Every structure is written in structure tokens, then in C-alpha cells.
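One-letter residues, chain by chain:
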Amino acid sequence: MPDGANESRKRATGHTFRALVAAGGALALALSPLSVHAQQPFDLVIANGRVMDPESGLDAIRNVGIRAGVIEAVTASLLDGVEVVDAGGLVVAPGFINLHWHGTDPHSNYYEAMDGVTSTFELEIGVADVDKWYDERAGRMPINYGAAIGHAPTRMAVMKDPGEFLPAGDAARKPATDAELAEIELRVERGLKRGAVGVGFGLAYTPAASTWEITQMFRTAARYDAAAFVHLRGASSAGSTDREQGLMEVIALSAVTGTPVHVAHINSSGQTNAARMLAIMQDARSHGVDITTECYPYTAGATRIESFLFDTWTDKPEEEYHKLQWSATGERLTRETFLKYRKQGGLVLIHANTEDVIRTAVAHPLTMIASDGFDVRHRQGHPRSAGTYSRILGRYVREAGLISLMEGLRKMTLMPAQRLEARVPQMRGKGRVKAGADADLVIFDPRRIIDRATYEEPDVYAEGMRYVLVNGRFVVRDGAVLEGVTPGRPVRARISP
Ligand SMILES: [Zn+2]
């Protein structure tokens, strides 16, 4: 299937046609130095859309001119384009930046694209081999991509843990020897030298990692201006309900080492303690700790049943097991089936949270939106992989009026871009609609945008995205995903010797 940018280039070199997109005179030239070329038609003009930019606060009808994958003009004046998309009645916003994604199959990223995501990151768990991770994706990705070096997968590699994705053996349950700790540290540092965008910590999944071990990892991150992306230790792993303790641990680590901290999914890590934990984060920030968080808008979580999170689940009351849903079949579990599937291993959904907690998390000014999604398969998985962003915009912005559209967009674009900028200057060109920014854009119908994926049918595209551009090329066009286009580029920190 031809993608938009190639098509545009063909037209530009052949018989260029020009489309004047608004009545009026000269080109607007309040532009960057790039404007020396502004007399030539843009590769693409997004005309007459409601442009919303959370950084400048711009919310007005504008024309957007794109050339060579970069936004060169945002103006009320007419622009001349080789190709023109009429965005009348639609919102034009920065593409969404997902700081929490675990997918391995690029096909699943088309579901993200239909949900408005133009850059996606594996940060919370991270990866063990940064070069290999980026190499595997080169030229195959519809959207931009990046990863953290992961403490948990590194620990798994060093301690020869047999787990699939998350620790299931020694990496979860054994303290590291001095030699193992030295090797973990060396590998985490190597990952940072190879351009990992942060350091990931699944602390709930590696309970045997000592405070000293984690402190050393935070110190390593600090030397490279990398933030720590953390799944907190918490009630489900520690067997207590003192969830604040897991948060206090990372605040202390950040204060001691200077490493910025991003707390994964405060909705699921906080549960009914989420409001208190958000208040603690706010207090810590006011005393100089650089801490941020994110949430996904679903009352069920999902993880692997063989992981340490369920070590304390062997003698729960029967109704607790009923909160678990086996993803492969959709069945709710009993103690008996729980024990059976735990031996087998696989994905389980956990129906444990409340709508009140989700609303508290979504509305709080500290929370970004991040999906915690993973590979999308037929009748298996979690709807958050395909529906997180559209669900926020449809249900919490439009239907509930819980936050404004601009605030919702800010949580999906500018805030996550800023979280990565200290280490990845490339992110200063994302999360904004302005001259000089990357042409990662979403063009959607704010009256129609909605999630369609469910727990039973997680592989259903979201609705409402009319166009999605990644580096100036269409991945979604006329409301349909263009499967097979791969304009995604790596987002990576500087590689150091
Ligand atoms: Zn997590």
C-alpha cells in the first residue's frame, strides 16, 4: 500500500499540483530558519483543523505545513501543499507518547497508531540487550520506539532465571552475590552507554533485590541523566496493604541519588491508596524530588500468573480468586484453577480496582496517560493495548467532563516528552505542534473518538482517528490503518564510548 509521503514525493517530482487552502495572501513567515524554502509547496498541508498545542496553549483553527517529516508552519494564512488534507471539524494535536508498552510484535503497534500513539516505549521493565532490541525493530515499525535498560531482565540474564518476560525463579527470589551484583551493574551501565532512554525497575517482581542493589542501580542511572521507571513494591507482592511504603522507597532512592523517578500505573500500584500516594508525590516534588507518574483507564490489571506477585495467593478466600480472569479462555478462576494455571504460566487479568480510583488518577495533575499495553492477539490480552487514549478522550474528557480536552492531550503528549528530554534531546521535537517539531500528529474527531476493545475482545481498533502521521507519513488515513507502512524511527539517547 503506498503511503502518503512517498505519494507526495512522486507528485512533487512529477507534475506538481498546488492547492490553495484558505483565502488570503502571502505565506505566514513567522517561521524558523527553515522558512527559506517556504515559497515551494509543502509536502503536506493539514488545512483548517483545530490545532491544539499543550505547550503554547494554542487552540485555534490553523493550517499546518509539513516538509521532510518536520512541521515548518503553523499559521492562519493559506499554505500551498503538494498534498492537502482537509481537517475541518477535526482536532490536530501532537501524536501521543506512550511511556509504557511491552509489545514485541510490530503488528500490535498498528493498534497503538489507531489509538493515536506515534511514539512508544518499553520503560517499566525495559530490556536486557539494548542494541539487539533496537536492531530487531529497525525498518519494521509503524511508530517511533525506544527502550530502557531493565534491571529485572538484566537480573534474569545474570541469574539465569527461566521466566518469560518477568522473573519466575532466582531473579525474583534470591539476593545477588557480590559477583552477580557487579555483573548486573556492569550490564546496566553498558545499556546506558548504548543509548537506553532510562533504567527500568520491576521492583514488585524482584523482591529479593536488596536496597543496596537498587541504590547502586539508581546511582548508575544518575551518572547518565537517566530517569528510573518503576513498578513499585506493593501490597500484592509484600503481602501487606501498606502501599505507601513502596512509594517512600523510590522517593528515598531519588533523594539519595538524584535520579528522577517515574512511577508506573499509579492506578494499579495505588488501588484505594492512590489519592494518598499522589498527595505524597506532590509533597515530594515541592521539596525538590523529581517524581512523576502515569495511569491507564481500566479497573482491571494484567500480569503473568507465574510471577512473584502471586506467591502470597496460595490460601486466599475463594472470592479473591474469582477476581482473576484467565486471558486465554476468559474464565474466572477458583483456587483449584489458579493453582493449575500457575504451574502452566500465562496471562491473567485482575479485576480488583474501582472506577473512583481511575477517576482520581486520571484527573490528578501529576499523572500522564500510558497504556501498559502489550501484544494484541485475538480474544487474548487487555483492552488497554488498543483503547487507552481513545477511552480517555471519549469517556473521561467528552462524556464525563472530568478533565478538559487540552489537559487530556497534555497528559498524552507534552508531559511524557518532557519526562525523557533530559536524557533524550530528540524528545524536545515531540509532543508539540510548532515549527521545527517532528511531524508526529493525530487528526481526530473529538465527537466520535472512543475505545472499542473489551476484556473479551481486546483486538478491536479504537474509533475516531482520521489521520495519524509519523515523521510526516500516514499510518492512519481516512480512518483506516495502513498496515505495512513503517515510518517509525528509533528514539535513543546518545551512544557513548
Ligand atoms: Zn507494571
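Residues numbered from 1 in each chain as written. Predicted model: local features only at pLDDT ≥ 70, side-chain atom pairs only at ≥ 80, totals over all residues. Heavy atoms only, no water.

S.K.: Would you mind going over the overall build of the chain with me for this structure?
M.R.: Helices and strands together make up the secondary structure of the chain, namely 17 helices and 21 strands. Overall size of the chain, expressed as C-alpha extent along the three principal axes, is 75 × 50 × 45 Å. Considering the chain as a whole, with its 497 residues, one finds that 62% of them fall into the buried category. As presented, the chain carries roughly 18,500 Å² of accessible surface, and 51% of it is formed by carbon and sulfur atoms. Charge-centre separation for the chain: the mean point of 56 positive side chains lies 2 Å from the mean point of 60 negative side chains. (Helix = DSSP H or I, 4+ residues; strand = E, 2+ residues; numbered from the N terminus. Buried < 20%, exposed > 50% of the residue type's maximum accessible area, 1.4 Å probe, protein only. Areas by Shrake-Rupley, 256 points an atom, 1.4 Å probe, with all protein chains shown as cover. Lys, Arg positive; Asp, Glu negative; His and termini not counted. Charge placed at Lys NZ, Arg CZ, Asp CG, Glu CD.)

S.K.: How should the coordination of the zinc ion be read in this particular structure?
M.R.: A metal bound by six donors in octahedral fashion has ideal angles of 90 or 180 degrees, whereas one bound by four tetrahedral donors has an ideal angle of 109.5 degrees. Protein ligation of the zinc ion involves Glu124 (OE), His231 (ND1) and His265 (NE2), the donor distances falling in the range 1.7 to 2.3 Å. Each donor residue of the zinc ion lies on the same chain, and together they follow the pattern E-x106-H-x33-H. With Glu124 in strand S8 (residues 117-127) and His231 in strand S11 (residues 228-231), this pair connects stretches of sequence that are 107 residues apart. Classification of Glu124 as buried rests on a relative accessible area of 4%. (Donors = N, O, S within 2.8 Å, 3.2 Å for Na, K, Ca; no water.)

S.K.: Would you mind going over the sheet that holds strand S10 (residues 199-202) with me for this structure?
M.R.: Adjacent strands of a sheet pair through backbone hydrogen bonds, lying either parallel or antiparallel. Pairing is parallel in the open sheet, where eight strands are placed in the order S7-S8-S9-S10-S11-S12-S13-S17. The sheet is open, and its two edges are formed by strand S7 (96-98) and strand S17 (367-369), each paired on a single side. Here the strands of the sheet are splayed against their neighbours by 30° on average, with no regard to which way each runs. The sheet strands contacting helix H7 (residues 211-223) are S10, S11 and strand S12 (261-263), and the helix crosses S10 at an angle near 160°. Contacts from helix H9 (residues 243-257) reach S11, S12 and strand S13 (291-295) within the one sheet, and its direction differs from that of S12 by about 165°. (Pairing = 2+ DSSP bridges. Axes fitted to C-alpha atoms, helices over the stretch in contact; angles between N-to-C directions. Contact = heavy atoms within 4.5 Å.)

S.K.: What is the right way to look at the confidence of the model for the chain in this model?
M.R.: With 91% of its residues at a pLDDT of 70 or more, the chain has an overall mean of 91. A low-confidence stretch, residues 1-38 stays under pLDDT 50, and its non-local contacts, those more than four residues away or across chains, total 63 contacts. (pLDDT = per-residue confidence, 0-100.)

S.K.: Sorry, what's going on with the pattern of salt bridges here?
M.R.: Two side chains that carry opposite charge are able to pair once their charged atoms sit near each other. Inspection of the entire model under this criterion finds 36 salt bridges. Here Arg379 makes a salt bridge to Glu457, at a shortest N to O gap of 3.0 Å. Placement of Arg379 in the loop between S17 and helix H15 (384-399) and of Glu457 in the loop between strand S18 (441-444) and strand S19 (465-470) is noted, with a sequence separation of 78 residues between them. The exposure class of Arg379 is partly exposed, given its relative accessible area of 47%. Residue classification places Glu457 among the partly exposed residues on the basis of a relative accessible area of 27%. One network of salt bridges, with partners in common, ties together Glu55, Glu421, Arg432 and Lys434. (Salt bridge = Lys/Arg side-chain N within 4 Å of Asp/Glu carboxyl O.)

S.K.: Before we go on, may I ask you to explain the side chain of Asp459 in this structure?
M.R.: Summarising the element assignment, Asp459 is placed in the loop between S18 and S19. Arg379 provides the closest opposite charge to the buried, salt-bridge-free Asp459, at an N-O distance of 6.4 Å. Sequence-distant contacts of Asp459, that is, excluding residues within four places in its chain, are made with Tyr111, Val376, Arg377, His378 and Arg379.

S.K.: Can you help me understand the packing of aromatic side chains in this one?
M.R.: Evaluation of the coordinates by the stated rule reveals 14 aromatic pairs. Above the plane of the ring of Tyr296 lies Arg384, whose end atom (NZ or CZ) is 4.6 Å from the centre. One cation-aromatic arrangement involves Arg477 over Phe474; the distance from NZ or CZ to the ring centre is 4.2 Å. (Phe/Tyr/Trp six-rings, centres within 6.5 Å; stacked < 30°, edge-to-face > 60°. Lys NZ or Arg CZ within 6 Å of the ring centre and 35° of its normal.)

S.K.: Would you explain the nonpolar core in this entry?
M.R.: Side chains of nonpolar character tend, in soluble globular proteins, to be buried together. By size, the foremost hydrophobic cluster in this structure holds 114 residues, and its most contacted members are Ile46, Leu247 and Phe444. It is helix H11 (residues 274-286) that provides the largest number of residues to this core, a total of six residues. Setting aside anything within four residues of it in sequence, one finds Leu247 in contact with Leu232, Val263, Met277, Ile280, Met281 and Ile291. In terms of nonpolar packing, the next biggest core, distinct from the first, is built from 16 residues, Phe310, Trp313, Tyr321 and Leu333 among them. (Core = buried A, V, L, I, M, F, W, Y, C linked by side-chain atoms within 4.5 Å.)

S.K.: I'm lost on the packing of helix H16 (residues 405-412) against helix H17 (residues 414-421) in this one. Help?
M.R.: Contact pair H16 / H17: the axes reach a minimum separation of 3 Å and the direction vectors enclose 30°. In terms of their interaxial angle, H16 and H17 are classed as roughly parallel. The residues of H17 that touch H16, namely those facing Leu409, Arg410, Lys411 and Met412, are Leu414, Met415 and Pro416. Counted by class, the contact of H16 with H17 contains five nonpolar, no polar and two charged residues. (Parallel < 35°, antiparallel > 145°, perpendicular 65-115°, else oblique. Nonpolar A, V, L, I, M, F, W, Y, C, P; charged D, E, K, R; others polar.)

S.K.: Sorry, what's going on with unusual backbone geometry here?
M.R.: With glycine set apart, most residues show a phi of negative sign, and most peptide bonds adopt trans. Here the phi dihedral of Lys160 falls at roughly 55°; this positive angle occurs in a residue that is not glycine. Among the secondary structure elements, Lys160 is positioned in the loop between helix H4 (151-158) and helix H5 (170-173). By relative accessible area, which is 70% here, Lys160 ends up exposed. At Asp478, a residue that is not glycine, the phi angle is positive and equals roughly 50°. Tracing the sequence through the fold places Asp478 in the loop between strand S20 (473-477) and strand S21 (480-481). What makes Asp478 partly exposed here is its relative accessible area of 46%.

S.K.: For this particular structure, what's the right way to read the pairing of S18?
M.R.: Side chains on a regular strand alternate between the two faces of the sheet. Neither face of S18 is exposed, since Leu441 and Ile443 on one face and Val442 and Phe444 on the opposite face are all buried. Pairing of strand S6 (residues 91-94) with S18, which is carried by four bridges, proceeds in the antiparallel orientation. What sits directly across from Val92, in S18, is Ile443. For S18 and S19, the ladder comprises four bridges, and the chain directions are antiparallel. Across the sheet, residue Ile443 finds its bridge partner in S19, namely Tyr467.

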